[in-house]
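Read off the chains here:
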Amino acid sequence: MTVSVSRDSALPEEDLALLPSDEEVAAYARNGWYLTRKLFTDEEVDELVAASERFYAGERSRVLPSRPPRLAYWRPEDGPVQRHNDYIHYESADIARILRKPIVGAVAARLARAAEIRVFQSTLIYKPPIAGEPSNLVPWHFDRHYWQSCTSDDMLTAFIPFHDCGVEMGTITMVEGSHRWEEIGANDSTARHFADRDNEDLERMLERNAEHNRAVVRKVPMVIPKGHMSFHHCRTYHGSGANVSARPRRAISFHLQPGANEYRPFRLSNGDLVQYNHDVLVRRTADGRPDYADPEFCPVLWRNA
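Cut-off values and rules
Residues numbered from 1 in each chain as written. Predicted model: local features only at pLDDT ≥ 70, side-chain atom pairs only at ≥ 80, totals over all residues. Heavy atoms only, no water. Salt bridge = Lys/Arg side-chain N within 4 Å of Asp/Glu carboxyl O. Helix = DSSP H or I, 4+ residues; strand = E, 2+ residues; numbered from the N terminus. pLDDT = per-residue confidence, 0-100. Contact = heavy atoms within 4.5 Å. Buried < 20%, exposed > 50% of the residue type's maximum accessible area, 1.4 Å probe, protein only. Core = buried A, V, L, I, M, F, W, Y, C linked by side-chain atoms within 4.5 Å. Expected span 1.5 Å × (residues − 1). Arc of directions from axis to C-beta. Phe/Tyr/Trp six-rings, centres within 6.5 Å; stacked < 30°, edge-to-face > 60°. Disulfide = S-S within 2.5 Å. Pairing = 2+ DSSP bridges. Axes fitted to C-alpha atoms, helices over the stretch in contact; angles between N-to-C directions.

**So, the pattern of salt bridges**
Phase 1: Enumeration according to the criterion identifies 19 salt bridges in this entry.
Phase 2: The residue Glu 24 makes a salt bridge to Arg 37 at a minimum N-O spacing of 3.1 Å. Of the two residues, Glu 24 sits in helix α1 (residues 22-31) while Arg 37 sits in the loop between β1 (33-35) and α2 (42-56), which places them 13 residues apart along the sequence.
Phase 3: Connected via shared salt-bridge partners are Glu 47, Arg 54, Glu 59 and Asp 94.

Structure (structure tokens):
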């Protein structure tokens, strides 16, 4: 196995073996997903659990200056549904400190073949151990649909469970190679979050696109040991099933952007601009666009020296 590392890399020597090899980078480009080595210690993962419990109990290092219109933000009064809390890297300093461990950004940079990786978004997720809870089912979708205001087609997501995570917990599942498909049937509805769409319609969309590309839908559940994580390309179809275990599935969905990514105006067929939550939070560029490099909300995770 060969590992190519830039001489400008600032990783500790012991972390170099944790980077994906050239062969694994090629496999990511072919498959659309990658399972890492152990990037977090058990102690770091346990601190993520403890920090998330403090967050659910009301602890905040800071709060968002305003509430974007499409913010996912579970509160106790929402009950025992699947919990989603956006901007966890902004509101919890303890969680942000662990997420911003250099090796995470370095792995993402290798996979995306980018000199710089910035945070784009992070969502704290809690899937309760209730087999029949409808909110636990995440239908087939890919993230690029929701990032139409971005210029990059190389964005990627790390799925970071806080424990061993397998099929019985409703782990994230990838449709192998789907990021390389030519897409058909896309319309304004694809810019809407999957929670606002019909699950059966999303299933049919996956099947139609597979048929158009003469592809077999190969669904690969990510079986992820504690301290490891999965990465997937922004155009890889993915979803997850019910949590039929006896414990909650705890995780963070950590969305990342290459350094070259920036805002672009993207209009729907009726002329309305697609808006991402950042657009009402981040600073503005010199020409008045939302700045997706705002260090308060989109800090640099990794940069070659």
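**Describing the confidence of the model for the chain**
Phase 1: On average, residues of the chain carry a pLDDT of 92, and 92% of them reach 70 or more.
Phase 2: Note that pLDDT drops below 50 for residues 1-8; the model gives that stretch 17 contacts with residues more than four away or on any other chain.

**What to know about the environment of Cys 165**
Phase 1: Along the chain, Cys 165 turns up in the loop between β5 (156-161) and β6 (172-175).
Phase 2: In the structure, Cys 165 is positioned 64 residues away from Met 229 in sequence and 9.6 Å away in space, judged by C-alpha atoms.
Phase 3: Apart from the residues within four sequence positions on either side, Cys 165 is in contact with Phe 159, Thr 171, Met 222, Val 223, Ile 224 and Arg 249.

**Remarks on the environment of Pro 265**
Phase 1: Along the chain, the position of Pro 265 falls in the loop between β10 (249-258) and β11 (300-303).
Phase 2: With a relative accessible area of 56%, Pro 265 lands in the exposed category.
Phase 3: Residues Pro 265 and Ser 149 lie 116 residues apart in sequence; the distance between their C-alpha atoms is 5.8 Å.

**As for the nonpolar core**
Phase 1: Ranked by internal contacts, the top residues of the largest apolar core, which has 51 residues, are Ile 117, Leu 156, Phe 231 and Phe 254.
Phase 2: Considering each element in turn, this core owes the most residues, eight residues, to helix α5 (residues 102-112).
Phase 3: Those residues in contact with Leu 156 that sit more than four places away from it in its chain are Tyr 28, Ala 108, Leu 111, Ala 112, Ile 117, Phe 231, His 232, His 233, Cys 234, Phe 254, His 255 and Leu 256.
Phase 4: Counting residues in hydrophobic clusters, the runner-up holds ten residues, among them Trp 33, Cys 165, Ile 172 and Met 174.

**Observations regarding α2**
Phase 1: Between its first and last C-alpha atoms α2 spans 21 Å; for 15 residues at 1.5 Å apiece the expected length is 21 Å, and the two agree.
Phase 2: Turning to α2, its buried residues number three or more, namely Val 45, Leu 48, Ala 51, Ser 52, Phe 55 and Tyr 56. Buried residues of α2 fall within an arc of 135 degrees about the axis and therefore sit on the same side.
Phase 3: The inward-facing, buried residues of α2 abut β2 (83-86), α3 (88-91), α4 (93-99), β3 (116-127), β5 and β10.
Phase 4: Phi turns positive one or two residues past the end of α2, at Gly 58, with a value near 115 degrees.

**Focus on the packing of aromatic side chains**
Phase 1: Following the criterion strictly, the structure yields twelve aromatic pairs and no others.
Phase 2: Geometrically, the ring pair formed by Phe 120 and Tyr 292 is edge-to-face, given 5.5 Å between the ring centres and 75 degrees between the ring planes. With a gap of 172 residues between them, Phe 120 in strand β3 and Tyr 292 in the loop between β10 and β11 connect regions that are remote in the sequence. When sorted by exposure, Phe 120 lands in the same class as Tyr 292, which is buried.
Phase 3: Taken together, a centroid distance of 5.1 Å and an interplanar angle of 85 degrees make the contact between Phe 142 and Tyr 237 edge-to-face. Of the two residues, Phe 142 is situated in the loop between β4 (138-141) and β5 and Tyr 237 in the loop between β8 (230-233) and β9 (238-240); the sequence distance between them amounts to 95 residues.
Phase 4: Assessed through its relative accessible area of 2%, Phe 142 is described here as buried.
Phase 5: An aromatic cluster is defined as three or more aromatic residues linked by ring pairs; in this entry it consists of Phe 55, Tyr 56, Tyr 73, Trp 74 and Tyr 126.

**Some details on α5**
Phase 1: Across the eleven residues that make up α5, a large majority, ten, are buried.
Phase 2: Residues Ile 103, Val 104, Gly 105, Ala 106, Val 107, Ala 108, Ala 109, Arg 110, Leu 111 and Ala 112 constitute the buried set of α5.
Phase 3: Just beyond α5, the residue with positive phi is Arg 113, at close to 55 degrees.

**Re the state of the cysteines**
Phase 1: Per the stated rule, a full pass over the model turns up zero disulfides.
Phase 2: Cys 150 takes part in no disulfide bond, and the closest cysteine sulfur to it belongs to Cys 298, at a distance of 8.8 Å.

**Side note on the sheet that holds β6**
Phase 1: Taken in spatial order, the four strands make up an open sheet running β4-β9-β6-β7, and their pairing is antiparallel. Only two strands of the sheet have a single partner each, and these edge strands are β4 and β7 (219-221). Going across the sheet, the axis of each strand differs from the next one's by a mean of 25 degrees, ignoring polarity.

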